[in-house]
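# Overview (structure and organization)
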Amino acid sequence: MDPSRKRRIRLVVALTAAVVLAGALAYTSFSASSPAVQPSKLLASANSGRSYQLTGKVVDGSIEKHGNATLFRVRDRNGRASVPVRYVGAVPDPFRNGREVIVTVRKRGGLFEGEKDSLVTKCPSKFTDKPASQT
Amino acid sequence: MAPVGQACLILALATCGYGIGASLYGALTGRRDWVASGRRSVYGLAVLTTAAFAVLEIAFLRSDFHFNVVATHSSTTTPTFYRAAAAWSSQEGSLLLWVWLLSLWSSLVLFLVRRRLRDVAPYATAVLLGFGAFFTALLVFAVTPFHTLAQAPPEGAGLNPLLRHPSMMIHPPMLYSGYTLWAVPFAFAIGALVVRRVDADWIRATRRFALAAWFFLGVGILLGARWSYAELGWGGYWAWDPVENASLLPWLTGTAFLHSVMVQEKRGMLKVWNVSLILATGTLAVLGTFLVRSGILDSIHAFGASTLGVPFVSLIGLMIAGSVYLVVTRRAALRSEHRLDSLLSREAVFVANNLVLVGLAFVVFWGTFFPLISEAVTGTKAAVGPPWFNRYTVPLALLLVLLSGIGPVIAWRRATLANARRNFLWPTAVALLVLVALLAIGVTESATALIMFVFAAFVVGVLSQELWRGVSARRAMTSEGPARALVSLVRRNRRRYGGYTVHLGMAVLFVGVAASSAFQHARDVRLTPGKTATVGGYEVTYVRSTARVDERDGGVERVALGADLRVRRNGSKVADLHTERGYYPASAPFASGGLVRGLFEGEATSEVGMKAGPLRDVWTVIQPDPEYLNKVIAGVADRTADKPVAQQESAVRGLMAVYQRGVIPAQFRLLVSPLVAWIWIGGLIVFAGGLIALWPAPEAARGRARAGYAARVAQDLDRA
């Protein structure tokens, strides 16, 4: 076979393979992903069994400990709608009232069950407290 | 001092503007004096940003709270060591660090090539100064570190306790060095494309900078992983967090570049690929900086949403558009000088390695930016988790380790059966032996881990054989002793043996990753003193509770509630561990609810208790039960909130005594992770290899000295 034709065929095969692989990657990412939602959206439309990436702030005074489980409520970043979350296991160091959290949850009855090791508390890499003179 | 810093930044911006103009004018008109003036602008930028950075550092060290950035990121109770590092914990300080490092590296490369690449260098200078102008403009107009307060607050907010770790001193500067160093080969690639001089000269001139960028970025990433493991209280070293991923992206494409340039240097092939890789790497480095600083994606590293989105996206857009335009319009000049002779050749393996690395980068890129992609496609932000990343990265990593064993020894152009037998017979035998041994001892739980161990054994076999052959050949020629022969062999072929060392280190590192991910035992348990829990065959006993107040300069730095634990295996003691949780006071403990509440409402960090070993790490962190603890704290706080300070301090001591009696249960995370130490050991081997490859060869140094001497003699003769 003419070498340049051979090279072209090789290139087409390689590019097709790359496109197919990238397509598979893109497809699986859509099916494996958890939608990122705020509590108000979750309250309005949560399917049991589907996992969601819940983002919001921990409601002040809502943290309770029951054995290995931590119960808390997460509210919208700028709103009052909140959902109850049950999380089993150790919570991250910066976990606090009012902190922004991201946790993968599934609806179970009236609660949202957090997936193990999925709780991320935003670590404020800079302190957000303002100095006294500015407050 | 603030006006001095601000003046330095304004002058730096003006210098960048002038330098870009001078370099381009010099390049277009052939006026060398203008080109030299453009280069000196880069030196000027380095001097000015050094001065600005020094002003900022001094303000932090002196706790000068007139500087807004100092007041919000440091305090008098922040230890001096961390005050110095607090400068780059802020948005403003980290951008200043970026431009300062960029100016230093740019000055170094332009000084080194001042008599070479005369056509390419002026454009590279303009590109480097373009980056400088971008970042100084941000510092002057958007986020100035020299904003001052009319009245300095008596105390600052302090450095976030989570950042009080020795790594804070080196992890960010290493990452930023890596990011900024990638700008050097990026700029020279642009210069080479502009003047259509796309041979391997620009690659040779900047090879060491690309290697240094790879080295620093790698050290930064590994330090981050170690920090996460030893400090953050979750026991993992990699979470596929967007900010981690952002640093991995340029490292992956940069690693591909370091391999594929060898093919261009040796055979004049892959020119389009190489320039595209380095242009992509430079762009990803800026993208990484943007991701770190913008808060555009949800990350554990919440550096806060910032106003820098539009300028950064514009810069990245410009970099992509410019790169594509240059590559497309220069494609004729970028044609390969040779063709791939065989799929069984070193070139082909390098291409395969590149495809795997770029594939990995694509996976990481897609997963990282998936929230934005899905929002654009479906209207809903959605994220993929670690299982999705692992599904693709694990097989690619396995392939990469295998290729790292084949690549160094397969023949250039076309491998023959004899060549394959000579190079791969023994390593394959070693790998099979390891497979049989692992199956015999029952390592069958994880096929992935098993394959990784076998591939790693193959790599170690290949490299040991190469080293053995090299040393034997040298001994036959010079009759040196084995150790001396090894040293001279490596000294004379630093790039080659540095590369081998890197491959060895990567194999070791991946063994650690595979073992610790596949065979880790983890438990979250709630214990009271005297109780025991078992994890992975180890019995962990909560011996006693501990409580301590750490003071600094007369103020409370933190309260530490902890536990002493005893670890036993089959009845015999393995280690005594201590873990504690440190509570740092909120910025103004007396302002809200008194000292007691203030102490516990601030930040808390975990101190990990760990017995690290070559075979396994036993790792633990404590979290005193918040339900009990909060009740006790609330009770004490309510009783003492309006009492004098001395009484409140005594209440804190009382609280410590209560805790020490062991009545408050605690939650422990217990981990037994096999071979995790080999991740760090592998990393050290990789970086030792990087250093070997980076170190100038003695012949090259002598060559440069001779060239310098010849140049001086020529100048003298000229004058005479």
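A quick note: this is a predicted structure, and the numbers were derived from the prediction, not measured.

### Some points on the overall build of chain B
Looking only at helices and strands, chain B has 22 helices and 11 strands in total. Expected size for 720 residues packed as a compact globule is a radius of gyration near 27 Å; at 29 Å, chain B falls within 12% of this value. Expressed as lengths along the three principal axes of its C-alpha atoms, the size of chain B is roughly 85 × 70 × 60 Å. Looking at chain B residue by residue over its 720 residues, the buried ones come to 52%. Within chain B, contacts between residues separated by at least 24 positions form 76% of all contacts whose residues are at least 6 apart in sequence.

### Focus: the overall build of chain A
Assigned secondary structure in chain A consists of 2 helices and 9 strands. Beginning at the N terminus, the succession of helices and strands in chain A can be written as α-β-α-β-β-β-β-β-β-β-β. Within chain A, buried positions represent 33% of all 135 residues. Contacts spanning at least 24 positions in sequence make up 46% of the contacts within chain A whose residues lie at least 6 apart.

### As for the environment of Met610(B)
Residues and elements named next belong to chain B. On the secondary structure map, Met610 appears in strand β9 (residues 609–611). Overall, Met610 belongs to the buried group, with 21 C-beta atoms counted inside 10 Å. Linking Met610 and Leu670, residues 60 residues apart in sequence, is a C-alpha distance of 9.9 Å. The residues touching Met610, leaving out its near neighbours within four places in the chain, are Leu577, Asp617, Val618 and Trp619.

### Overview of the sheet that holds strand β11 (residues 666–674) of chain B
Residues and elements named next belong to chain B. Pairing is antiparallel in the open sheet, where 4 strands are placed in the order β3-β11-β10-β9. The sheet is open, and its two edges are formed by β3 (521–527) and β9, each paired on a single side. On average, each strand axis in the sheet is tilted by 15° relative to the strand beside it, whichever way the strands run. Where β9 meets strand β10 (residues 616–624), 3 bridges bridge the pair, whose relative direction is antiparallel. In the strand pairing of β10, Met610 is matched with Trp619.

### Some thoughts on helix α11 (residues 309–329) of chain B
Residue and element names in this part refer to chain B. Taking 1.5 Å of rise per residue, the 21 residues of α11 would be expected to cover 30 Å, and the 30 Å separating its terminal C-alpha atoms lies within 8% of that figure. Buried residues of α11: Phe312, Leu315, Met319 and Ser323, and no others. What you see down the axis of α11 is that its buried residues fit within an arc of 60°, all on one side. The exposed residues of α11 that point more than 90 degrees off its buried face are Val310, Ser314, Gly317, Ala321, Val324, Tyr325, Val328 and Thr329.

### With respect to the domain arrangement of chain B
Residues and elements named next belong to chain B. If you check the domain split of chain B, you get domain 1 (1–161), domain 2 (165–414), domain 3 (415–517 + 680–705) and domain 4 (521–677). Here domain 1 and domain 2 have C-alpha centroids that lie 25 Å from each other. Of the residues contributing to the side of domain 1 that touches domain 2, the split by class is 22 nonpolar, 3 polar and 2 charged.

### Section: unusual backbone geometry
Even without glycine at this site, Leu117(B) takes up a positive phi of about 45°. For Leu117(B), the position within the fold is in the loop between α5 (91–112) and α6 (121–142).

### A few points about the packing of helix α7 (residues 167–194) of chain B against helix α8 (residues 201–231) of chain B
All names here are of chain B. Interhelical geometry of α7 versus α8 gives an angle of 155° and a closest axis separation of 7 Å. Classed by the angle they form, the pair α7 and α8 counts as roughly antiparallel. The chirality of how α7 crosses α8 is left-handed. Residue composition of the contact of α7 with α8, grouped by class: 21 nonpolar, 8 polar and 1 charged.

### Topic: the confidence of the model for chain B
Looking at chain B, pLDDT values average 88 and 93% of them are 70 or higher. The ipTM value of the predicted complex is 0.77, and its pTM value is 0.89.

### Describing the pairing of strand β4 (residues 532–535) of chain B
Side-chain positions along a regular strand alternate between the two faces of the sheet. All names here are of chain B. Sheet analysis places β4 next to strand β5 (residues 538–552), joined by 4 bridges and oriented antiparallel. Among the inter-strand pairings, Val535 is bridged to a residue of β5, identified as Tyr538. Joining the antiparallel neighbours β4 and β5 is a turn of 2 residues, in which Gly536 adopts a positive phi near 50°.

### Concerning the nonpolar core
Residue and element names in this part refer to chain B. Counting residues in each nonpolar core, the largest one holds 212 residues, and the members touching the most others are Val401, Ala456, Phe510 and Val511. Among the elements that take part in this core, α8 stands out by supplying 18 residues, more than any other. Setting aside its immediate chain neighbours within four residues, Val401 contacts Met452, Phe455, Ala456, Val459, Met506, Ala507 and Phe510. Within the second largest apolar cluster, 36 residues are counted, among which are Leu527, Leu595, Leu629 and Leu671.

### Here we look at the confidence of the model for chain A
Residue and element names in this part refer to chain A. Counting all residues, the mean pLDDT for chain A is 80, and 89% of those residues have values of 70 or more. Strand β9 (residues 123–124) is the least confidently modelled element of chain A, averaging 52 in pLDDT, while strand β5 (residues 82–88) averages 91, the highest of any element. Ignoring residues within four places in sequence, the model shows residues 124–135, a span with pLDDT below 50, making 35 contacts including any to other chains.

### Section: the environment of Leu175(B)
Position of Leu175(B) relative to the elements: it lies in helix α7. Ignoring any residue separated from it by four or fewer positions in sequence, one finds Leu175(B) in contact with Leu217(B), Gly220(B) and Ser247(B).

### Description of the packing of helix α12 (residues 346–378) of chain B against helix α13 (residues 386–406) of chain B
Residue and element names in this part refer to chain B. Where α12 contacts α13, the two axes come as close as 10 Å, and the packing angle between them is 160°. As far as their axial angle goes, α13 and α12 are roughly antiparallel. Judged by the twist between their axes, the crossing of α12 over α13 is left-handed. Facing α12, whose interface residues are Val349, Ala352, Asn353, Val356, Leu357, Gly359, Leu360, Val363 and Gly367, α13 presents Trp388, Phe389, Tyr392, Thr393, Leu396, Leu399, Leu400, Leu403 and Ile406. Broken down by class, the residue content of the contact of α12 with α13 amounts to 14 nonpolar, 4 polar and no charged.

### Structural notes on the environment of Ala81(A)
Residues and elements named next belong to chain A. With respect to the element layout, Ala81 can be found in the loop between β4 (69–75) and β5. In this structure, the C-alpha to C-alpha distance between Ala81 and Lys65, residues 16 residues apart in sequence, is 22 Å. Residues within four places of Ala81 in sequence aside, it is in contact with Pro39, Ser40, Leu43, Arg75 and Asp76.

The rules behind each value
- Here, residues in each chain are numbered from 1, in the same order as that chain's written sequence.
- Naming scheme: in the order in which they are written, chains are lettered from A and ligands are numbered from 1.
- Reporting of local features is limited, given that this is a predicted model, to residues whose pLDDT is at least 70; pairs of side-chain atoms are given and counted only at 80 or more, and all residues count toward the totals for whole chains, interfaces and linings.
- The helix count covers DSSP runs of H or I at least four residues long, the strand count covers runs of E at least two residues long, and both are numbered beginning at the N terminus.
- We compute the radius of gyration over the C-alpha atoms and compare it with the globule rule, which gives 2.2 Å times the number of residues raised to the power 0.38.
- Between the buried cut of 20 or more and the exposed cut of 12 or fewer other C-beta atoms within 10 Å of a residue's own C-beta lies the partly exposed class, and all C-beta atoms are placed from the backbone.
- Throughout, a residue-residue contact means that the two C-beta atoms, derived from backbone geometry, are no farther apart than 7 Å.
- At least two DSSP bridges between two strands are required for those strands to pair.
- The convention used is that axes are lines fitted to C-alpha atoms, helices contributing only their stretch in contact, and that angles between N-to-C directions extend from 0 to 180 degrees.
- To estimate the expected span of a helix, subtract one from its residue number and multiply by 1.5 Å.
- This arc is taken over the directions from the axis of the helix to the C-beta atoms.
- Where each domain begins and ends follows an automated or database-derived domain assignment.
- In this classification, Asp, Glu, Lys and Arg are treated as charged, Ala, Val, Leu, Ile, Met, Phe, Trp, Tyr, Cys and Pro as nonpolar, and every other residue, Gly included, as polar.
- Should an angle fall under 35 degrees it is called roughly parallel, over 145 degrees roughly antiparallel, and 65 to 115 degrees roughly perpendicular, with every other angle called oblique.
- For any pair of crossing helices, the crossing counts as left-handed if the nearer helix is rotated counterclockwise from the farther one by less than a right angle, and right-handed if it is rotated clockwise.
- A residue's pLDDT is the confidence the predictor assigns to it, expressed on a 0 to 100 scale.
- Definition of nonpolar core: a set of buried Ala, Val, Leu, Ile, Met, Phe, Trp, Tyr and Cys residues joined via C-beta atoms within 7 Å.

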